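A structural walkthrough
As a plain string of letters, each chain reads:
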Amino acid sequence: MVQSKEWDWNSAEKEKWMVPSEDSIYLADKWAGEGARSILDLGCGLGRHAVFFAKKGYKVTAVDLSKEAIEITQKKMRENQVDFLCKAADMMKLPFANDAFDRVFSYHVISHQDTEGVRKVINEITRVLKPGGKVFLTLCSAFFADKDALKMLFHDYSFEKVRHIKDCDMGEGESRERCHYYIEATVNKEPTELDYSKIIGSTVEGIVDRPLGSFHPRHKNIYYPINYGYVKGILAGDGAEQDVYILGEDKPLSTFTGIVIAVYHRYNDNEDKWIVASEGNDFSDDEILCQIEFQEKFFDGILIR
């Protein structure tokens, strides 16, 4: 990932790096033919691949260690009139659910780590990929002397169909000596079981901190058409108290008591959202999804009843 530091490239150099690689152009068509829809751009840098995949119709999530890189990616996203989730995150501890993505794309990133760091990154890639999901990553030869050992490392993490390619045709002069290595692999694992049987149907109470008619405290373009709050004393995956959508109320609330009628499980996040309604007040799946779409359109997930 791009390290947190001031960019010293000029504008022309930055624009050159916005051109998608041949790999991404090839994979975008290949993965579409395989039915993939969600991609994690791991170490997105200036966002060239994230923007490209989004333009191709994928549900993209872009992460980088550098907050400045994320800001540049968000700027490029707006300029190209596409929309996807961008997060500053450590690739050794990704803030996403298990089985979150169909594909992971990582271009010249993993080789920034030492051996132990590489193991942690591969472990996280394994965790966030869906069963049967695929990873594509590239490595610069200066970082790994034993590529066969790296290939075996992927096998250690339940990857199969590992393709390991050496490409020395990188241009003119000295650059031709910089061999790049490509790993393509498919994860072989069982799906993570989601069990909300103890949550759905339970009665909860809490505080409404974003009432109907209010705006998001940081993102002023997000308007709350329903009440949104949290359950007191229950922590979610992000370490904060559990967030809830409160349906069926036509006026702003300050507190709530209701029954959890569903859970929206976010894939590209580390927390779920509970759907709460007063007793005897029920909603169809389509009605729930329509009412929470104002915020969940920025995420990828599934409604569980």
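The model shown is predicted, which means the values in this text are computed figures rather than measured ones. (Residues numbered from 1 in each chain as written. Predicted model: local features only at pLDDT ≥ 70, side-chain atom pairs only at ≥ 80, totals over all residues. Heavy atoms only, no water.)

Some thoughts on helix 3 (residues 48-55)
At 3.6 residues per turn, the α-helix brings residues three or four places apart onto the same side. For helix 3, the buried fraction is high: seven of the eight residues fall into the buried class. Next to the buried residues of helix 3 lie helix 2 (22-33), strand 1 (38-42), strand 2 (59-64), helix 4 (67-79) and strand 4 (101-106). Once helix 3 ends, the next one or two residues include Gly57, with phi positive near 100°. (Buried < 20%, exposed > 50% of the residue type's maximum accessible area, 1.4 Å probe, protein only. Helix = DSSP H or I, 4+ residues; strand = E, 2+ residues; numbered from the N terminus. Contact = heavy atoms within 4.5 Å.)

Quick notes on the packing of helix 2 against helix 3
When two helices pack together, their arrangement is captured by the angle between the axes and the distance separating the axes. Between helix 2 and helix 3, the shortest axis-to-axis distance is 11 Å and the interhelical angle comes to 35°. Crossing of helix 2 against helix 3: the hand is right-handed. On the side of helix 2, the interface is formed by Ser24, Ile25, Ala28 and Trp31, while helix 3 contributes His49, Phe52 and Phe53. Partitioned by chemical class, the residues of the contact of helix 2 with helix 3 number five nonpolar, two polar and no charged. (Axes fitted to C-alpha atoms, helices over the stretch in contact; angles between N-to-C directions. Left-handed = near helix turned anticlockwise from the far one by under 90°. Nonpolar A, V, L, I, M, F, W, Y, C, P; charged D, E, K, R; others polar.)

Side note on the pairing of strand 8 (residues 203-210)
With five bridges connecting them, strand 8 and strand 11 (residues 255-266) associate as antiparallel partners. Across the sheet, Glu205 pairs through a bridge with Thr257, a residue of strand 11. The sheet contact formed by strand 8 and strand 9 (residues 227-235) spans four bridges and is antiparallel. Paired with Val208 across the strands is Gly229, a residue of strand 9. (Pairing = 2+ DSSP bridges.)

Focus: the pairing of strand 4
Within strand 4, six of the six residues are buried, leaving the element largely enclosed by the surrounding structure. Two elements, strand 1 and strand 4, share three bridges in a ladder whose sense is parallel. Bridge assignment links Ile39 to a residue of strand 4, and that residue is Arg103.

What about the pattern of salt bridges?
When charged atoms on two side chains of opposite charge get close, those side chains can pair. Per the stated rule, a full pass over the model turns up 18 salt bridges. Put simply, Asp29 and Lys56 hold a salt bridge, and the shortest N to O gap is 3.4 Å. Of the two residues, Asp29 is situated in helix 2 and Lys56 in the loop between helix 3 and strand 2; the sequence distance between them amounts to 27 residues. Overall, the relative accessible area of 48% leaves Asp29 in the partly exposed class. Between Arg266 and Glu271 there is a salt bridge; the shortest N-O distance is 4.0 Å. As far as burial versus exposure is concerned, Arg266 and Glu271 are alike and both buried. (Salt bridge = Lys/Arg side-chain N within 4 Å of Asp/Glu carboxyl O.)

Quick word on the packing of aromatic side chains
The final tally for this structure, using the stated rule, is twelve aromatic pairs. Centroid distance Phe105 to Tyr107: 5.9 Å. Interplanar angle 5°. Geometry classified as stacked. For the pair Phe105 and Tyr107, one class covers both residues: buried. Among the aromatic side chains, those forming a connected cluster through ring pairs are Trp31, Phe52, Phe53, Tyr58, Phe105, Tyr107 and Phe136. (Phe/Tyr/Trp six-rings, centres within 6.5 Å; stacked < 30°, edge-to-face > 60°.)

A word on the environment of Lys232
Within the secondary structure layout, Lys232 lies in strand 9. As a C-alpha pair, Lys232 and Glu205 span 27 residues in sequence and 6.9 Å in three-dimensional space.

Examining the environment of Gln113
Here Gln113 shows up in the loop between strand 4 and helix 5 (115-128). Given a relative accessible area of 22%, Gln113 falls into the partly exposed group. In this structure, the C-alpha to C-alpha distance between Gln113 and Met92, residues 21 residues apart in sequence, is 9.5 Å.

Regarding unusual backbone geometry
The phi angle at Gln81 is positive, at roughly 55°, despite the residue not being glycine. Of note, Gln81 is situated in the loop between helix 4 and strand 3 (85-88). Classification of Gln81 as exposed rests on a relative accessible area of 74%. Its identity as a non-glycine residue notwithstanding, His108 has a phi of 55°, on the positive side. Its location among the elements puts His108 in the loop between strand 4 and helix 5. Its relative accessible area of 18% is what places His108 among the buried residues.

Here we look at the nonpolar core
Membership of the largest hydrophobic core comes to 26 residues, with the highest contact counts inside it found for Leu40, Leu42, Leu94, Phe96, Val104 and Ile125. The set of elements that each furnish at least two residues to this core consists of strand 1, strand 4, helix 5, strand 5 (129-140) and strand 7 (180-187). Discounting chain neighbours no more than four positions away, the residues touching Leu94 are Leu40, Leu42, Val63, Glu124, Arg127 and Val128. One finds Ala50, Val51, Val82 and Phe136 within the second-largest nonpolar core, a separate group that totals 23 residues. (Core = buried A, V, L, I, M, F, W, Y, C linked by side-chain atoms within 4.5 Å.)

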